[in-house]
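Here are the chains, one letter per residue:
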Amino acid sequence: MGENMFSYTDIHCHILPGVDDGARDLAESIAMLKLAYRENIHKIILTPHQKPDRKCVSVSGIHKRIELLSEELSRFPVDIRLYPGGELLYSHELTGQLEEGILPTLAGSRYALVEFLPDENWSYIRDGLYHLSGNGYWPIVAHVERYAQVAAKPERVQELIDMGCRIQVNAGSLTGDWGFGLKRIAARLIRDRLVHFVATDAHRGSGRRSPQMEKCALWLKKKAGDEYAWELLHENAEAIFANEEI
Ligand SMILES: [Fe+2]
């Protein structure tokens, strides 16, 4: 267990400007980063949407934009380290595209942040993650609380963990900002210790889609204890940067 006060790492957010439905321009990105810093977030993996049926920012484009964003950020007293990543909408081509380097993992590690449509079939989710995991990647399932077929049977999360997945839930789901249904399932997963990461999934500079963590961190420390909160908000992310298995 670390120090009582620790900084947070956000492994899932849409702060990179002008590449998806997140930050619309550089000014909004900077506003989001300033807010994130006030929320005690000191490291951020930028995870723009990667969807197979759309034209998406390339891996080199992500790196280039992070360089520009870091340069702009250095003009402000905001000490946040930025890392490249992506939120990958699952398709059968995903594994091959990761191998070819067309799609980004998280911070160059074997961890890949993967999402599905909210009403996706359970067998499609399970088989897809099994395939990815069988090919040497460590899938992190994005906002698992949102999938109807997982929420209906939360024990399915253990099945995903058993096949090599790590689990992410959104901070806003835990604080109740997205309604009681999502809070109930997310809080249950925390209670059962089935979560590895809590992230903001921030898209905007204000409101419930902004990068807020402190309210959730307080809730986690109270409900789950300092040690588990530290793993969820800080320590497990260090394993991504070190490319080590959690
Ligand atoms: Fe997202």
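Residues numbered from 1 in each chain as written. Predicted model: local features only at pLDDT ≥ 70, side-chain atom pairs only at ≥ 80, totals over all residues.

A. Here's a closer look at unusual backbone geometry. A positive phi angle, close to 75°, is found at Asn40, a residue other than glycine. One can find Asn40 in the loop between α1 (26–38) and β2 (41–46). Taking the number of C-beta atoms within 10 Å as the measure of exposure, Asn40 has 14 and is therefore partly exposed. Within the chain, Asp201 stands out as a residue other than glycine whose phi angle is a positive 50°. You can see Asp201 is positioned in the loop between β9 (197–199) and α9 (214–224). (Helix = DSSP H or I, 4+ residues; strand = E, 2+ residues; numbered from the N terminus. Buried ≥ 20, exposed ≤ 12 C-beta atoms within 10 Å, placed from the backbone.)

B. View of the pairing of strand β6 (residues 111–115). Of all five residues that make up β6, five are buried, and the element is covered over most of its length. A two-sided burial pattern is seen for β6, the buried positions comprising Tyr111, Leu113 and Glu115 on one face and Ala112 and Val114 on the other. As defined by bridge partners, strand β5 (residues 87–89) adjoins β6 across three bridges and the pair is classed as parallel. Looking across to β6, one finds that Leu89 is bridged to Glu115. Assessed by its sense of winding, the connection that carries the chain from β5 through helix α3 (residues 94–99) to β6 is right-handed. In this sheet, strand β7 (residues 138–141) lies alongside β6 in parallel orientation, the contact comprising four bridges. (Pairing = 2+ DSSP bridges. Right-handed = clockwise from strand over helix to strand, strands pointing away.)

C. Summary view of the nonpolar core. With 70 residues, the main nonpolar core has Ile15, Ala112, Val114, Val141, Ile167 and Val198 as its most contacted residues. Excluding anything up to four places from it in sequence, Ile167 contacts Val141, Val144, Val157, Leu160, Ile161, Leu189, Leu194, Val195 and His196. (Core = buried A, V, L, I, M, F, W, Y, C linked by C-beta atoms within 7 Å. Contact = placed C-beta atoms within 7 Å.)

D. Region of the structure containing the packing of α1 against helix α2 (residues 59–73). Two elements in contact, α1 and α2, have axes separated by 11 Å at closest approach and are oriented at 65°. Crossing of α1 against α2: the hand is right-handed. Residues Leu26, Ser29, Ile30 and Leu33 of α1 pack against Leu69, Glu72 and Leu73 of α2. Of the residues assigned to the contact of α1 with α2, the class counts are five nonpolar, one polar and one charged. (Axes fitted to C-alpha atoms, helices over the stretch in contact; angles between N-to-C directions. Left-handed = near helix turned anticlockwise from the far one by under 90°. Nonpolar A, V, L, I, M, F, W, Y, C, P; charged D, E, K, R; others polar.)

E. The arrangement of the sheet that holds β7 in detail. Strands sit in the order β3-β5-β6-β7-β8-β9 across an open sheet of six strands; the sheet is parallel. The open sheet has two edge strands with one neighbour each: β3 (49–50) and β9. Strand direction decides the pairing type here: β7 and strand β8 (residues 166–170), joined by two bridges, are parallel. Along β8, the bridge assignment pairs Ile140 with Arg166. Helix-sheet contacts for helix α10 (residues 226–242) involve β6 and β9, and the interaxial angle to β9 is about 110°.

F. Representation of the environment of Leu103. Note on placement: Leu103 falls in the loop between α3 and β6. Note: C-alpha distance between Leu103 and Ser60 (43 residues apart in sequence) is 10.0 Å. Not counting residues within four places of it along the chain, the set of residues in contact with Leu103 comprises Gln50, Gly86, Leu88, Leu94, Gln97 and Leu98.

G. Up close: helix α4 (residues 122–134). With 13 residues, α4 extends 18 Å between its outermost C-alpha atoms, agreeing within 8% with the 18 Å of an ideal straight helix rising 1.5 Å per residue. Those residues of α4 that sit buried are Ile125, Gly128, Leu129 and Leu132. One face of α4 carries all of its buried residues, which in axial projection span an arc of 90°. Facing away from the buried surface of α4 by more than 90 degrees, the exposed residues are Ser123 and Gly134. (Expected span 1.5 Å × (residues − 1). Arc of directions from axis to C-beta.)

H. Structural view of the sheet that holds strand β1 (residues 8–10). Read from one edge to the other, the open sheet built from three strands follows the order β1-β2-β4, with strand pairing classed as parallel. At either margin of the open sheet sits one strand with a lone partner, and together these are β1 and β4 (81–84). Averaged over all pairs of adjacent strands, the angle between strand axes in this sheet comes to 15°, irrespective of strand direction. Note that β1 and β2 share three bridges and pair parallel. In the strand pairing of β2, Tyr8 is matched with Ile41.

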